[in-house]
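Listed here are the chains, written in short residue letters.
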Amino acid sequence: MNKVFSTFIGLLISTSVLAQSDPNLGIIPVPVSITKSSGSFTLDKTAILVNQSIDGAKSADLLNAFIVSNAGFALREAKVAQPSQKSIVLTSVGADKLSAEGYNIIVTPNQIKLVGKGAGLFYAVQSFMQMMPAKGTAAISIPAVTINDYPRFSYRGTMLDVSRHYFPISFIKKYIDQLAYYKINTFHWHLTDDQGWRLEIKKYPKLTAVASSRNGTIIGHYPGNGNYLTEVKGFYTQDEAKEIVRYASERFITVVPEIELPGHASAAIAAYPELSCFPDRDTFINDKTPWSGSRKGKQVQQTWGVFDDIFVPSENTFTFLNNVLDEVIAIFPSKYIHIGGDEAPKTYWKESPFCQALMKQKGLKDEHELQSYFIQTIEKHVNSKGRSIIGWDEILEGGLAPNATVMSWRGEDGGIAAAQQNHEVIMTPGSMGLYIDHKQSNSPDEPVTIGGYAPYQKIYAYDPIPKVLTAEQRKYIKGVQANMWSEYIKTPEKAENHAFPRLLALSEIAWSPVERKDLKNFTEERLPTHLAQLDKKGWNLWVPTPIGQSEKPLSGGDFTIDLKVPIKGGKIYYSLDESRPSESAFLYTKPISVKVPQGEKRTLKTIVIAPSGKRSVTTETILDNGAPVVKAEAKK
Ligand code: ACM
């Protein structure tokens, strides 16, 4: 068996999910249609595995390895199955009629047929693994069913910022495995920013020698209440980046690299000050910012935010960026090359005699048009290499480059405007829950985050197609993405906590038809099993708070609080005496009945403990019977 896939399987062991009572068979994202019929297929050693597809050998390996881990036996592989022989058949016959990335699964008592090609067949296997009962079940019985499935969006993405903090290759691979399992097909790799440049560029060695490390990092929110005084560094060699591209492509994931321009350029400028409008000017550092090391000259940033020292639009800068992008394009085969474009203050461009003269010479009426000129110059180069640019929604300002795709992050307006101008769009609005660096609950137990509030339910509720668009304009919405910025995410463990369960909600809004959305089924039937499997595999997931518990106060005198455990095998503990619940508090076994005397309040505090021992944040519900006591006379 292919070694890469055996590793992949190792990570997927025990992720099989089957809730036979669940009409959606435990599959995330929920398939387009599932039609049950009578009977079931019993998987045992007598079944054979037949690969009849053109490109399904790896998918067949993947499935057989999964069966070995899950059932304890391997299926004999054969080229054909006799009609009477119990078989699992991977085939591309009929796949031409399927939508891109689509697949069918047809289970009858004698045969399981997985139909698809390329990504489609791979996704058939992912869904099938999720349908299979978990290890330990006596007979492996798979209900007779026909599944027809294909994605709503062709771009289903997630962004990881590795500039603010560096994440090792091993974590990125593990993360990619999990993305593939949930049919997320784009990994947007945010490789450069003010706080670190993380990709080897052979022509510019100072990008790794200088720009890939900073002397310190602020503690807490801007401007910081201290500095860790520890160097933060790291970069990916081109060979490592190519390895990630290869690894991802085997899982039908495209890696979209991001090279930020013209803003968020402090790290590059620290390495090559001539890329600044003012090469001799010290990097601006707020007096209140606790800093590690010298404050003189050009510095890699140690604090967060938006900085005025952006790339100067000179021929030298364009030569530098074109050379950088040529190396990037040689590593990453993706159609899209992300060029950033966000949060580029125009202060230095306004001050710079060079920029002002350039604007006059080019007939540009303001600095927004200068930004548009900058982006269009880069676009021409990227297009000349057969690729397309994608940028954050600020690239609309001053006029959109002719072939650019817009990533709408400041709400939906940028995406709407771009679609109305017939440009492709990826929706990733922070205000709609797509910023997964935001916190997941209002509990004071939440760790320090950048701010914002984005529980998985908020992502789940989001429809990436804005209602204001016409049917024709809607076609430009190519997909949806969740972003993980890493200012406050220093470790893979914390990244895992931010990613799960939210990426499962993302997967469903990115893949499944809107009419198949069902938050109750997702939360109560499918998510608990998937979370238990992630927990078992050691992912540091965010353990959800009890299903059914209100964060808002409830009023009345007689309360019956009916809760459900959000992770299979987990337990809820609660208190009503203001103490912090733990294993020594009450174990929730049935709805909690509470009587609150008139004029008084109680606080229901809960905690969920996952099978691994991981804890949720504490959730509080105020039970308020604070209505004033109505005197008998007052009633008359
Ligand atoms: C962004 O969040 N600055 C794209």
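Residues numbered from 1 in each chain as written. Predicted model: local features only at pLDDT ≥ 70, side-chain atom pairs only at ≥ 80, totals over all residues. Heavy atoms only, no water.

Looking at this model, I keep getting lost on the overall build of the chain. Mind explaining?
Broken down by element type, the chain carries 18 helices and 26 strands. Within the chain, the fraction of its 636 residues that count as buried is 59%. Summarising the internal contacts of the chain: among those between residues at least 6 apart in sequence, 73% fall at separations of at least 24. When the accessible area of the chain is evaluated, it comes to approximately 24,500 Å², of which 53% is carbon and sulfur surface. (Helix = DSSP H or I, 4+ residues; strand = E, 2+ residues; numbered from the N terminus. Buried < 20%, exposed > 50% of the residue type's maximum accessible area, 1.4 Å probe, protein only. Contact = heavy atoms within 4.5 Å. Areas by Shrake-Rupley, 256 points an atom, 1.4 Å probe, with all protein chains shown as cover.)

Got a minute to help me understand the nonpolar core in this structure?
Within soluble globular proteins, side chains that are nonpolar tend to cluster in buried spots. Counting 164 residues, the largest nonpolar core has Leu-43, Ile-88, Trp-189 and Leu-207 as the members making the most contacts within it. Tallying contributions element by element places helix α3 (residues 119–131) first for this core, with nine residues. Val-256, Trp-392, Met-407 and Ile-426 belong to the second largest nonpolar core, which has eleven residues in total. (Core = buried A, V, L, I, M, F, W, Y, C linked by side-chain atoms within 4.5 Å.)

What am I meant to see in the pattern of salt bridges here?
Where charged atoms from two side chains of opposite charge approach closely, those side chains can pair. If you walk through the whole model with that rule in mind, you get 35 salt bridges. Here Glu-487 and Arg-164 are joined by a salt bridge, their closest N and O atoms 3.6 Å apart. On the criterion of sequence distance, the pair formed by Glu-487 in the loop between β19 (477–484) and α15 (492–499) and Arg-164 in the loop between β8 (155–161) and α4 (169–181) is long-range, its members being 323 residues apart. Classification of Glu-487 by relative accessible area gives buried; the value is 7%. Linked by salt bridges that have partners in common, Lys-58, Lys-173, Glu-243, Arg-246 and Glu-250 make up one network. (Salt bridge = Lys/Arg side-chain N within 4 Å of Asp/Glu carboxyl O.)

Is there a simple way to think about the sheet that holds β8 in this case?
The pairing of strands in a sheet happens through backbone hydrogen bonds and is either parallel or antiparallel. The parallel closed barrel is built from eight strands, whose spatial order is β8-β9-β14-β15-β16-β17-β18-β19. Between one strand and the next, the sheet's axes are offset by a mean angle of 30 degrees, whatever the strand orientation. Examined bridge by bridge, strand β17 (residues 405–408) and strand β18 (residues 425–427) share three bridges and lie parallel to one another. Bridged to Met-407 within β18 is Ile-426. (Pairing = 2+ DSSP bridges. Axes fitted to C-alpha atoms, helices over the stretch in contact; angles between N-to-C directions.)

Whenever I open this one, unusual backbone geometry confuses me. Can you help?
In most cases, non-glycine residues show a negative phi, while peptide bonds are predominantly trans. The omega torsion of the bond from Ile-28 to Pro-29 falls at 0 degrees, within 30 degrees of zero and hence cis. Residue placement: Pro-29 occurs in the loop between α1 (3–12) and β1 (33–43). Put simply, Phe-500 and Pro-501 share a cis peptide bond, and its omega is 15 degrees. Even without being glycine, Glu-101 reaches a positive phi, approximately 70 degrees. With respect to the helices and strands, the residue Glu-101 is situated in the loop between β4 (87–91) and β5 (103–107).

Help me understand the side chain of Ser-69, please; the structure alone is not making it clear to me.
Inspection of the secondary structure puts Ser-69 in helix α2 (residues 57–71). Taking relative accessible area as the criterion, Ser-69 reaches 14% and is therefore assigned buried. Within the structure, the side chain of Ser-69 is placed 2.7 Å from the backbone oxygen of Ala-65, a separation counted as a polar contact. (Polar contact = N/O pair within 3.5 Å; in protein donor to acceptor, adjacent residues only side chain to side chain.)

Help me understand the packing of helix α10 (residues 353–362) against helix α11 (residues 367–384) in this model?
Packed helices, taken two at a time, are described by the angle their axes make and the gap between the axes. Taken N-terminus to C-terminus, the directions of α10 and α11 make an angle of 80 degrees; their axes are 10 Å apart at the nearest point. Compared by their axis directions, α10 and α11 come out roughly perpendicular. Each of Cys-355, Gln-356, Leu-358, Met-359 and Lys-362 in α10 lies in contact with α11, whose residues at this interface are Glu-367, Leu-370 and Tyr-373. (Parallel < 35°, antiparallel > 145°, perpendicular 65-115°, else oblique.)

I would appreciate a short explanation of the environment of Glu-508 in the present structure.
Mapping Glu-508 onto the fold places it in helix α16 (residues 502–511). Exposure remark for Glu-508: the relative accessible area of 0% places this residue in the buried category. Counting along the chain gives 179 residues from Glu-508 to Ile-329, while the straight-line C-alpha distance between them is 31 Å. Setting aside residues no more than four positions away along its own chain, Glu-508 makes contact with Ile-28, Pro-29, Val-30, Tyr-460, Phe-522 and Arg-526. Polar side-chain contacts of Glu-508 include one of 2.8 Å to the side chain of Arg-526.

Before we go on, may I ask you to explain the packing of aromatic side chains in this structure?
When we look at a pair of aromatic rings, we describe it by the centre distance and by the angle of the planes. Counted according to the given criterion, the structure contains 28 aromatic pairs. When the centroid spacing of 6.2 Å and the interplanar angle of 65 degrees are considered together, the rings of Trp-304 and Tyr-488 count as edge-to-face. Of this pair, Trp-304 sits in the loop between α7 (266–271) and α8 (315–331) while Tyr-488 sits in the loop between β19 and α15, and the two are 184 residues apart along the sequence. Through a chain of ring-to-ring contacts, three or more aromatic side chains come together here, namely Tyr-166, Phe-167, Phe-171, Tyr-175, Phe-187, Trp-189, Tyr-236 and Phe-332. The residue whose ring lies beneath Lys-183 is Trp-511, and the NZ or CZ to ring-centre distance is 5.5 Å. Positioned above the aromatic ring of Tyr-247, the side-chain terminus of Arg-251 is 3.7 Å from the ring centre. (Phe/Tyr/Trp six-rings, centres within 6.5 Å; stacked < 30°, edge-to-face > 60°. Lys NZ or Arg CZ within 6 Å of the ring centre and 35° of its normal.)

Looking at this model, I keep getting lost on the sheet that holds strand β2 (residues 48–51). Mind explaining?
Within the open sheet, the seven strands sit side by side as β1-β7-β5-β6-β4-β2-β3. Their pairing is mixed. In the strand order of this sheet, the two ends are held by β1 and β3 (76–78), each with one partner. Neighbour-to-neighbour, the strand axes of the sheet open up by a mean angle of 20 degrees, direction not taken into account. As paired strands, β2 and β3 are joined by three bridges and run parallel to one another. Paired with Ile-48 across the bridge in β3 is Arg-76. The sheet contacts of α3 involve β4, β5, β6 (111–115) and β7 (140–149), and relative to β5 the element is tilted by about 40 degrees.

What am I meant to see in the environment of Leu-49 here?
Positionally, Leu-49 belongs in strand β2. Along the sequence, Leu-49 and Asn-110 sit 61 residues apart, while their C-alpha atoms lie 12 Å from each other. When sequence neighbours within four positions are dropped, the list of residues in contact with Leu-49 reads Ala-60, Leu-63, Asn-64, Leu-75, Arg-76, Glu-77, Ala-78, Ile-88 and Leu-90.

The analysis is restricted to geometry; functional conclusions fall outside its scope.
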